[in-house]
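Structure assessment
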Amino acid sequence: MREAAIIGYTQSAQRRYAGAANESELIMPVVREVMQSVGVSQKDIDFTCSGSCDYFQGAAFAFVEGLNAVATAPPIRESHVEMDAAWALYECLLKIWSGEADLCLVYGFSKSSPGELRSVLTLQLDPYYQVPLWPDAISLAALQARAMLDAGIISERDMAEVVARSRRAALANPKAQLSGESSVEELLAQPGFVSPLRRHDCAPITDGASALLVASAETARRLCARPAWIRGIDHRMETGMLGARDLTRSPSARYAGARAGVSAGAVDVAELHAPFSHQEIILRRELGLADGVSINPSGGALAGNVMMAAGLDRFGHVATRIMQGEAGRGVAHATSGACLQQNLVAVLEA
Amino acid sequence: MGNRVAVVGIGQTKHKSKHKDVSIAGLVRQAAERALEDAGCTWKDIDALILGKAPDMFEGVVMPELYLTDALGGNGKPVLRVHTAGSVGGSTAVVAANYVQSGAFRRVLTVSFEKQSESNATWALSPRMPFVPHVNAGAGGFFAPYMRLYMERYGVPAHIGCMVAVKDRLNALKNPYAHLQIPDISLEMVQQSPMLWEPIRFLESCPSSDGACALVLADEQHAARSPNPPAWILGTSTRADGSMYAGKDNIHPASLIACAKDVYSKAGITDPRRQIDVAELYVPFSWYEPMYLETLGLCGEGEGWKLVESGVTALDGDVPINASGGVLSSNPIGASGMLRFGEAALQVRGMAGAHQVEGARLAIGHAFGGAHSYYAMWAVSADKP
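Residues numbered from 1 in each chain as written. Chains lettered and ligands numbered in written order. Predicted model: local features only at pLDDT ≥ 70, side-chain atom pairs only at ≥ 80, totals over all residues. Heavy atoms only, no water.

Some remarks on the overall build of chain A
- Scanning chain A from terminus to terminus reveals 12 helices and 12 strands.
- Each of the three principal axes of chain A carries a C-alpha extent, and together these read 55 × 45 × 40 Å.
- Of all 350 residues assigned to chain A, the portion counted as buried reaches 68%.
- When contacts within chain A are restricted to residue pairs at least 6 apart in sequence, long-range pairs at least 24 apart make up 79% of them.
- Each charge class in chain A can be summarised by its mean position, and for the 31 positive and 38 negative side chains these summaries are 3 Å apart. (Helix = DSSP H or I, 4+ residues; strand = E, 2+ residues; numbered from the N terminus. Buried < 20%, exposed > 50% of the residue type's maximum accessible area, 1.4 Å probe, protein only. Contact = heavy atoms within 4.5 Å. Lys, Arg positive; Asp, Glu negative; His and termini not counted. Charge placed at Lys NZ, Arg CZ, Asp CG, Glu CD.)

Some words on the overall build of chain B
- Across its full length, chain B holds 14 helices and 11 strands.
- At 19 Å, chain B has a C-alpha radius of gyration in line with the 21 Å of a compact globule built from 385 residues.
- Along the three orthogonal principal directions, the C-alpha set of chain B runs to about 55 × 45 × 45 Å.
- Put simply, chain B has 385 residues, and 66% of those count as buried.
- Long-range pairs, those at least 24 residues apart, make up 78% of the contacts in chain B with a sequence separation of at least 6.
- Approximately 12,300 Å² of chain B is accessible, and the part contributed by carbon and sulfur atoms is 53%. (Rg over C-alpha atoms; globule rule 2.2 N^0.38 Å. Areas by Shrake-Rupley, 256 points an atom, 1.4 Å probe, with all protein chains shown as cover.)

Here we look at the domain arrangement of chain A
Residues and elements named next belong to chain A.
- Entries for chain A in the domain assignment read domain 1 (4-116 + 205-226) and domain 2 (118-203 + 229-349).
- Averaged C-alpha coordinates put domain 1 and domain 2 at centres separated by 22 Å.
- Each partner contributes to the interface: domain 1 provides 46 residues, whereas domain 2 provides 41 residues.
- Overall, the association of domain 1 and domain 2 removes approximately 3,400 Å² of surface from exposure, summing both partners, and the carbon and sulfur fraction of that is 64%. (Domains from an automatic or database assignment. Buried area = accessible area lost by both parts, 1.4 Å probe.)

So, the state of the cysteines
Residue and element names in this part refer to chain B.
- Counting across every chain of the model gives 0 disulfides over all chains.
- Distance from the sulfur of Cys299, which forms no disulfide, to the nearest cysteine sulfur (Cys259) is 18 Å.
- Cys299 sits in the buried class, given a relative accessible area of 16%. (Disulfide = S-S within 2.5 Å.)

Topic: the pairing of strand β3 (residues 78-81) of chain A
Residue and element names in this part refer to chain A.
- Burial along β3 is two-sided: Glu78 and His80 and Ser79 and Val81, pointing in opposite directions, are all buried.
- Of the strand pairs in this sheet, strand β2 (residues 47-51) and β3 are connected by 4 bridges, and their pairing is parallel. Across the sheet, Thr48 pairs through a bridge with Glu78, a residue of β3. (Pairing = 2+ DSSP bridges.)

Considerations on the interface of chain A and chain B
- Listed per partner, the contact involves 52 residues of chain A and 55 residues of chain B.
- In total, chain A and chain B occlude about 4,600 Å² of area from one another, counting both sides; carbon and sulfur atoms represent 62% of this.
- Joining chain A to chain B, the criterion identifies 1 salt bridge.
- Where Glu100 of chain A meets Lys266 of chain B, a salt bridge forms, and the shortest distance between an N and an O atom there is 3.3 Å.
- Here chain A and chain B share 19 residue pairs in polar contact (both at pLDDT 80 or more) between them.
- It is helix α4 (residues 85-97) of chain A that provides the largest number of residues to the side of chain A that touches chain B, a total of 6 residues.
- Broken down by class, the residue content of the side of chain A that touches chain B amounts to 28 nonpolar, 14 polar and 10 charged. (Salt bridge = Lys/Arg side-chain N within 4 Å of Asp/Glu carboxyl O. Polar contact = N/O pair within 3.5 Å; in protein donor to acceptor, adjacent residues only side chain to side chain. Nonpolar A, V, L, I, M, F, W, Y, C, P; charged D, E, K, R; others polar.)

Details of the environment of Cys162 of chain B
- Note on placement: Cys162 of chain B falls in helix α6 (residues 159-172).
- A C-alpha to C-alpha distance of 8.9 Å links Cys162 of chain B and Ser186 of chain B, two positions 24 residues apart in sequence.

Section: helix α10 (residues 251-260) of chain A
Residue and element names in this part refer to chain A.
- When we look at burial in α10, the residues that qualify are Ser252, Ala253, Ala256, Gly257 and Ala260. Seen from one end, α10 has its buried residues packed into an arc of 130°, which puts them on one side.
- Contact partners of the buried residues in α10: β8 (228-237), α11 (277-287) and β12 (342-349). (Arc of directions from axis to C-beta.)

Overview of α6 of chain B
All names here are of chain B.
- Here α6 spans 20 Å end to end across 14 residues, near enough to the 20 Å set by a 1.5 Å rise per residue.
- Burial analysis of α6 places 11 of its 14 residues in the buried class, which makes it a mostly covered element.
- Every buried residue of α6 is listed here: Ile160, Gly161, Cys162, Val164, Ala165, Val166, Lys167, Asp168, Arg169, Asn171 and Ala172.
- Of the surrounding secondary structure, the elements contacted by the buried residues of α6 are α7 (187-192), α11 (288-295), α12 (304-309) and α13 (326-329). (Expected span 1.5 Å × (residues − 1).)

Some details on the side chain of Ser336 of chain B
- Tracing the backbone shows Ser336 of chain B in helix α14 (residues 333-349).
- Residues contacting Ser336 of chain B, with those up to four places away along its chain left out, are Tyr282, Val327, Ser330 and Asn331 of chain B.

Digging into the packing of aromatic side chains
- Using the criterion set out here, one finds 21 aromatic pairs over all chains in the structure.
- The interplanar angle of 55° and the centroid separation of 6.4 Å between the aromatic rings of Phe143 of chain B and Phe285 of chain B together place this pair among those described as tilted. Remark: Phe285 of chain B occurs in the loop between β9 (278-280) and α11 and Phe143 of chain B occurs in helix α5 (residues 138-154); sequence separation between them is 142 residues.
- Residue Phe143 of chain B is classed as buried on the basis of its relative accessible area, which comes to 7%.
- On the basis of relative accessible area, Phe285 of chain B is assigned to the buried category, the value being 4%.
- Aromatic side chains Tyr150 of chain B and Trp287 of chain B sit 6.5 Å apart centroid to centroid with 65° between the ring planes, which places their arrangement in the edge-to-face category. Residue Tyr150 of chain B is found in helix α5, and its partner Trp287 of chain B is found in the loop between β9 and α11; the two are separated by 137 residues along the sequence.
- When its relative accessible area of 1% is taken as the criterion, Trp287 of chain B is described as buried.
- Aromatic ring contacts, followed pair by pair, group Phe142, Phe143, Tyr146, Trp197, Tyr282, Phe285, Tyr288, Tyr292, Phe368 and Tyr375 of chain B into a single cluster.
- The positively charged end of Lys95 of chain A is found above the aromatic ring belonging to Phe47 of chain A, 4.6 Å away from the centroid. (Phe/Tyr/Trp six-rings, centres within 6.5 Å; stacked < 30°, edge-to-face > 60°. Lys NZ or Arg CZ within 6 Å of the ring centre and 35° of its normal.)

Okay, here's the thing in structure tokens:
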């Protein structure tokens, strides 16, 4: 298979409410900025792929409007996944591997602010047996956290430590929506939200967009001094029936991590797409990440969670650290569905 | 274009207004099982699942790959969900081909579907958006002006659209999976059907269907071992452009011209009219057939309607179009593009049954979406490239 590397990444400011700005307005600046960062324009792009979800915009074919943010005359080679844009990145890799493209643009975007996100996500479940009960996304994550507490795998203190570390790390990320210095004791003193979750255990609602460039080997070396090479990548799905899963585990993350080659070397940095604090702990365990690994130095999804871009953001943040010479080997992870149902893991190297 | 890839399994459901006998999961599984049977393989032989469908609002299930993974044997496997408007069935097949071309996967299953009876497509296609005037015209109302423009520009007589409608419905009578089966279809019947959006009459429009389509794609080694003849993929392509911009030609869209040029060049097609034995084109309203014939280079500009009139595109013509009955006879939107791709493959495999075009060796599948802004195509052959 041909080699591929990430050579550019831009993220918009993570905001609770982007106001009247539509999706195209959110996408346009990040697409322009990421192209400027390596000195290319749309005519140099062989393939463009985006990730978004119609339901957040409340309109069918919402990504068609999103495409207005990209120069499409003359027509471009383009595709779209109704998934996190990390899977759009995967589609780009398929194009590069099969020799159909050398330089690809990926973007992900959403405005979750106008709708009721936790209820919209209920519609991901089995429409005949589960949806009529309207279990919302936060309640399902709470069931998972409860299962972990009951099994003695984690304590509420462990969860608060994840939050404190994420918010503190986010102080160094100017794009982060939530950041700050809080002690574990202060966090544990906060009231419950959906037991056992407190509000800070849940990723915020965020509007925004992100863009990333991925290239074949020769193009990557030409455009970037220190590309972030994708050394291994794999993604795996689990059943949609929550009752059939052990929610304290993530076999799909473990398997994808093994296939991506996470354990083949020391990991400097890992960005894990964990919209809930306890999920970071599951992922750390399943990917076998040692105690010394820097986890979510961007602040992670707990500091800003643009639906359909937050997984791509994990790739972007790891790649940025490698491109800037701050890390040599990193792990990027994206998830989809309730309680970490689907997981994508990649190893990036300098 | 990477490793060789072939279609070795094709499955589809009977397409109809309301599949009350199955859930969404049951519908897709039916198509998938038929594709696996054709390919002579089982669920465990499949390395990855690629799912495509049109807007989630058509069924009210968000990102349905999460729910459908159980029904499609996706657990423990890589699963990807593609959505590129009406062209999605085609572009999903293109992505699936890329899986095998990449060399990382040997056999993949790709599935597309729509269960339109779960919702109302015209409602879902006419959302009220902030700052945008509400049209509520549905797809036909949006496209009709371009057909009027086509008729006016080239002086096309009104019966041409009706002729396409009759031809596709006659073909559908030979396809047991086709939704619309109108045994006494005639030009008079189409001409007397109600006018919906001038010049589109009721019988010149596609139906709303429940249905699914599935394909198994395999690498060279596994294609050689498959029980039925493979259809070799000579080339795939997708193109997109903006829905609306100054100078956009909606009769011969630049995105389709570019898509066809790309796939022809990959497939070594220099004289489409002579080389292509049969084509499955995404024709949701009759008037698209003559317009596409021109855009795809099967004839000159303004000549497409003459091919229709002289019977060139009929099942016994020299370039049969939509031998399966096409989108005009079955329209499970998300699957409609993949059905075109799959029917093209069926033809070159010699497995199309009563609607088989005698001696078909090279076929193209085509899918269309958005406001003449999304296109996907592939060329398939009985001969290994």
